[in-house]
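This is what each chain is made of:
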Amino acid sequence: MTEPNELKVEALLNIINSSAREAMAEYKNTGHGVPGIDANTLHPLDFATDTLALRKAIRLLEGACEQLNTILAPPQHTAYNFINNYNWACTNVATQSCIADVLEKHPEGLSVDALADAVNLDKTKLARVLRLLTIRGCFKEVKRDVFANTRLSLVLKSTNDVGFNLQHQRGCHEFAAVLYETMTNQEFARSNEVEKSPRAFTLKKQGKNNSFWEMDEEACEIFHKCMLGHSVIHGSYTALHYYPWDNVSSVVDVGSGIGTISIPLAKMFPHLRVTNQDLPETLKLSRNTWERNAPEALLDGRVEFVPLNFLEESPVVGKDVYYLRSIIHDWPDNEAHVILRNIRKVMGPNSRVLIHDCVLLRKFEEPDVVADESTKALEPALLNFGSNTPYQDDMTMWLLFNGKERTLNEFKNIGASAGLVLTQTYDLVGMMLMEFRIAQD
């Protein structure tokens, strides 16, 4: 008779097999086949904005593989791997020195001597960095001391939105180092204020200004370009394909940035009238971006730019949809309530609020707030499908702003506090699109 633990392992193997085959089928459906780990070109699916089926398969595959490793590996091995991981540091070296950009000019490979000269780094140390990354399929050693790009390393190029994002993801490790200290510090430990985040704690000790949102023009431009990469990483563009935008006439992009979502939205649905609302300095960058990427929308008069501080003001009145992407997670509950309450004040009877954010899926979430069957992890998968990313993102929000990623129930409660009721959810993997309407008295 097979014991219960062995049955769990067999179930995980079945999930790995079925989800891997689903992912393979998605690649084959493009007519280009399954990509190779050492391919030196991107796959057509890597450019697609609708990869929901692939992302759902990978969510299960990652979760099952992680749990299988945890079950079968000695616990000391797994615990050691928790902290003995320098992929981030080596990736940082690669992005800061633009290794992928240099190697793109040498598809057959470049010697580490020549590569080190090109980026002004020590060749022996650079080779050690690259060999660690090649284990994960990021770069490849085509022969001894000769390296070339792979499909994975190509996204690290400085001209790639993802590469640009990763190139500027350097601060959180410094703030993470003081996490325990902030949890025991009398002033910071029990505070949820933005000014009491680990980031603020670190900068205060260094005697620096800790206001994240007070940026000069260069820093503002870097931040919003990073958000383009963030959207690719998290599959944000999937929202363009799964919400009924055909039934919408007007949309306000609250905290619009430079138009990361509103530009492709206006292009895909030319009937929409789009209002971009953000701080004045951001809207200046936004207008320039629209002029480069969607001048026809400006010429048609379908787009407007209206300054907004959403903590102090309400957006424009009476639009169909008020859309917030990666906004609410930046803020503690009090500020999140204020943002939604300010929107509620100007909504018409048929207006909707669309919150597009990461949602933490938990095994013991209340049954009435589970989005749908697709958000229930298969047994015996880890909680949240075993996906590490949403909980890592939650830590990032904590470290930076004392913000947080939330469960669906937490979103429901914040909406209710502002007079809104959750009416529809769209599982976009990692992130979710949540539709709220005015609550009926």
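About the thresholds
Residues take numbers from 1 onward in each chain, read along the sequence in its written order. Note on the predicted model: pLDDT of at least 70 is required for a residue's local features to be given, and 80 or more for side-chain atom pairs to be given and counted; whole-chain, interface and lining totals, by contrast, use all residues. Side-chain numbers here rest on the full set of heavy atoms in the structure, without hydrogens or water. Whether two strands pair depends on DSSP finding at least two bridges between them. Each helix is a run of H or I in the DSSP string that is no shorter than four residues. Each strand is a run of E no shorter than two, and both are numbered from the N terminus. Between N or O atoms, a polar contact is any pair within 3.5 Å; within protein, one atom must be a potential hydrogen donor and the other a potential acceptor, and residues adjacent in sequence are included only when both atoms are from side chains. The contact criterion used is simple: two residues touch if any of their non-hydrogen atoms lie within 4.5 Å. Only protein chains enter the calculation, and the probe is 1.4 Å; a residue is then buried if its accessible area is under 20% of its type maximum, exposed if over 50%, and partly exposed in between. When the strands point away from the viewer and the connection leading from the first strand across the helix to the second strand turns clockwise, the crossover is called right-handed. What counts as a ring pair is set by centres within 6.5 Å for rings of Phe, Tyr and Trp (its six-membered ring), and what kind of pair is set by the plane angle: stacked under 30 degrees, edge-to-face over 60, tilted for all other angles. Multiplying 1.5 Å by the helix residue count minus one yields the expected span of that helix. Grouping buried Ala, Val, Leu, Ile, Met, Phe, Trp, Tyr and Cys residues that are joined through side-chain atoms within 4.5 Å yields what is termed a nonpolar core. Salt bridges are defined as contacts in which a side-chain nitrogen from Lys or Arg sits within 4 Å of a carboxyl oxygen from Asp or Glu. What counts as a disulfide here is a pair of cysteine sulfur atoms lying within 2.5 Å. UniProt positions are given in the numbering used here, feature names are shortened, and annotations may be inferred rather than shown by experiment.

A few points about the sheet that holds strand E3 (residues 146–148)
Phase 1 of the analysis: Sheet architecture is open: three strands sit in the order E1-E3-E2, paired in antiparallel fashion. With partners counted over all chains shown, the strands left at the sheet margins are strand E1 (110–111) and strand E2 (140–143), one partner each.
Phase 2 of the analysis: Strand direction decides the pairing type here: E2 and E3, joined by three bridges, are antiparallel. Looking at E3, one finds that Glu 141 is bridged to Phe 147.

Structural notes on the side chain of Glu 435
Phase 1 of the analysis: With respect to the helices, strands and loops of the structure, Glu 435 is situated in strand E11 (residues 431–438).
Phase 2 of the analysis: For Glu 435, the side chain forms a polar contact with the side chain of Tyr 243, separated by 2.6 Å.
Phase 3 of the analysis: Residues contacting Glu 435, with those up to four places away along its chain left out, are Tyr 243, Arg 352, Val 353, Leu 354, Val 421, Leu 422, Thr 423 and Gln 424.

Structural notes on the pairing of strand E5 (residues 273–278)
Phase 1 of the analysis: Of all six residues in E5, five are buried, a share of seventy percent or more.
Phase 2 of the analysis: Handedness of the crossover joining strand E4 (residues 250–254) and E5 through helix H15 (residues 262–268) is recorded here as right-handed.
Phase 3 of the analysis: Looking at chain direction, E5 and strand E6 (residues 303–307) are connected through five bridges and run parallel. Across the sheet, Gln 277 pairs through a bridge with Val 306, a residue of E6.

Here's the deal with unusual backbone geometry
Phase 1 of the analysis: Even without a glycine there, the phi angle at Asn 120 is positive, about 60°.
Phase 2 of the analysis: Along the chain, the position of Asn 120 falls in the loop between helix H6 (112–119) and helix H7 (123–135).
Phase 3 of the analysis: Looking at Asn 120, the relative accessible area reads 70%, which means it is exposed.
Phase 4 of the analysis: Here the phi dihedral of Ser 326 falls at roughly 50°; this positive angle occurs in a residue that is not glycine.
Phase 5 of the analysis: Within the secondary structure, Ser 326 is located in the loop between strand E7 (321–325) and helix H18 (333–344).

Here we look at the environment of Phe 201
Phase 1 of the analysis: Considering the arrangement of structural elements, one finds Phe 201 in helix H12 (residues 198–205).
Phase 2 of the analysis: With residues near it in sequence (within four places) discarded, Phe 201 still touches Val 178, Glu 181, Thr 182, Asn 185 and Phe 188.

Observations concerning the packing of aromatic side chains
Two aromatic rings, taken as a pair, are described by how far apart their centres are and by the angle between their planes.
Phase 1 of the analysis: A full pass over the atoms with the stated rule returns six aromatic pairs.
Phase 2 of the analysis: On the numbers, 5.0 Å between centres and 65° between planes, the contact of Tyr 243 with Trp 245 is edge-to-face.
Phase 3 of the analysis: Of the residues examined, Tyr 243 reaches a relative accessible area of 4% and is grouped as buried.
Phase 4 of the analysis: The class of Trp 245 is buried, set by a relative accessible area of 2%.
Phase 5 of the analysis: Arranged with centres 6.4 Å apart and planes meeting at 75°, the rings of Trp 245 and Tyr 323 form a pair that is edge-to-face.

Looking at helix H16 (residues 280–293)
Phase 1 of the analysis: In this model, H16 (14 residues) spans 20 Å end to end at C-alpha, consistent with the 20 Å of a helix rising 1.5 Å per residue.
Phase 2 of the analysis: Looking at the packing, one finds that the buried side of H16 touches helix H13 (217–233), H15, E5, helix H17 (295–299) and E6.

Here's the deal with the environment of Asp 50
Phase 1 of the analysis: Structurally, the position occupied by Asp 50 is in the loop between helix H1 (4–28) and helix H2 (52–72).
Phase 2 of the analysis: Between the C-alpha atoms of Asp 50 and Thr 238, which are 188 residues apart in sequence, the distance is 5.0 Å.
Phase 3 of the analysis: From its side chain, Asp 50 meets the backbone nitrogen of Leu 52 in a polar contact 3.4 Å long.
Phase 4 of the analysis: Only 3.0 Å separates the side chain of Asp 50 from the side chain of Tyr 242, close enough to count as a polar contact.

Description of the nonpolar core
Phase 1 of the analysis: Counting 32 residues, the largest nonpolar core has Tyr 243, Trp 245, Val 251, Leu 272, Trp 290, Val 321 and Leu 433 as the members making the most contacts within it.
Phase 2 of the analysis: Elements with a minimum of two residues in this core: H13, helix H14 (239–242), H15, H16, E6 and E7.
Phase 3 of the analysis: Look past the residues within four positions of Val 321 in its chain and what remains in contact with it is Tyr 243, Trp 245, Val 248, Ser 250, Val 251, Val 252, Arg 352 and Leu 354.
Phase 4 of the analysis: Grouped together as the second largest cluster of nonpolar side chains are 30 residues, Val 254, Phe 310, Trp 331 and Ala 418 included.

Digging into the pattern of salt bridges
Phase 1 of the analysis: Taken as a whole and judged by the stated rule, the model has 16 salt bridges.
Phase 2 of the analysis: One salt bridge in this structure joins Asp 113 and Lys 123, with 3.0 Å as the shortest N-O distance. Here the residue Asp 113 occupies a position in helix H6, and Lys 123 occupies one in helix H7, the gap between them amounting to 10 residues.
Phase 3 of the analysis: Each of Arg 131, Glu 141, Arg 144 and Asp 145 takes part in salt bridges that share partners, so that together they form one network.

Section: the state of the cysteines
Phase 1 of the analysis: Taken as a whole, this structure holds zero disulfides when the rule is applied.
Phase 2 of the analysis: For the unlinked cysteine Cys 65, the closest cysteine sulfur is that of Cys 138, found at 19 Å.
Phase 3 of the analysis: For Cys 65, a relative accessible area of 31% gives the class partly exposed.
Phase 4 of the analysis: This cysteine, Cys 358, is not joined by any disulfide, and Cys 172 carries the nearest cysteine sulfur, 15 Å off.

Re the UniProt feature "domain: O-methyltransferase dimerisation" (unreviewed entry) in the chain
Phase 1 of the analysis: According to UniProt, the "domain: O-methyltransferase dimerisation" (unreviewed entry) feature falls on residues 92–156.
Phase 2 of the analysis: Each end of residues 92–156 is marked by a C-alpha atom, and these two atoms are 10 Å apart; helix forms 55% of the span and strand 14%.

A closer look at the pairing of E11
Phase 1 of the analysis: Of all eight residues making up E11, seven are buried, and the element is well covered by its neighbours.
Phase 2 of the analysis: Examined bridge by bridge, strand E8 (residues 352–360) and E11 share six bridges and lie antiparallel to one another. By the bridge assignment for E11, Leu 354 is matched with Glu 435.
Phase 3 of the analysis: As judged from the seven bridges shared by strand E10 (residues 420–427) and E11, these two strands associate in the antiparallel manner. Among the inter-strand pairings, Val 421 is bridged to a residue of E11, identified as Arg 437.
Phase 4 of the analysis: In textbook terms, the turn of a hairpin is the stretch between consecutive antiparallel strands, and for E10 and E11 this stretch comprises three residues, one of which, Val 429, has a positive phi near 70°.

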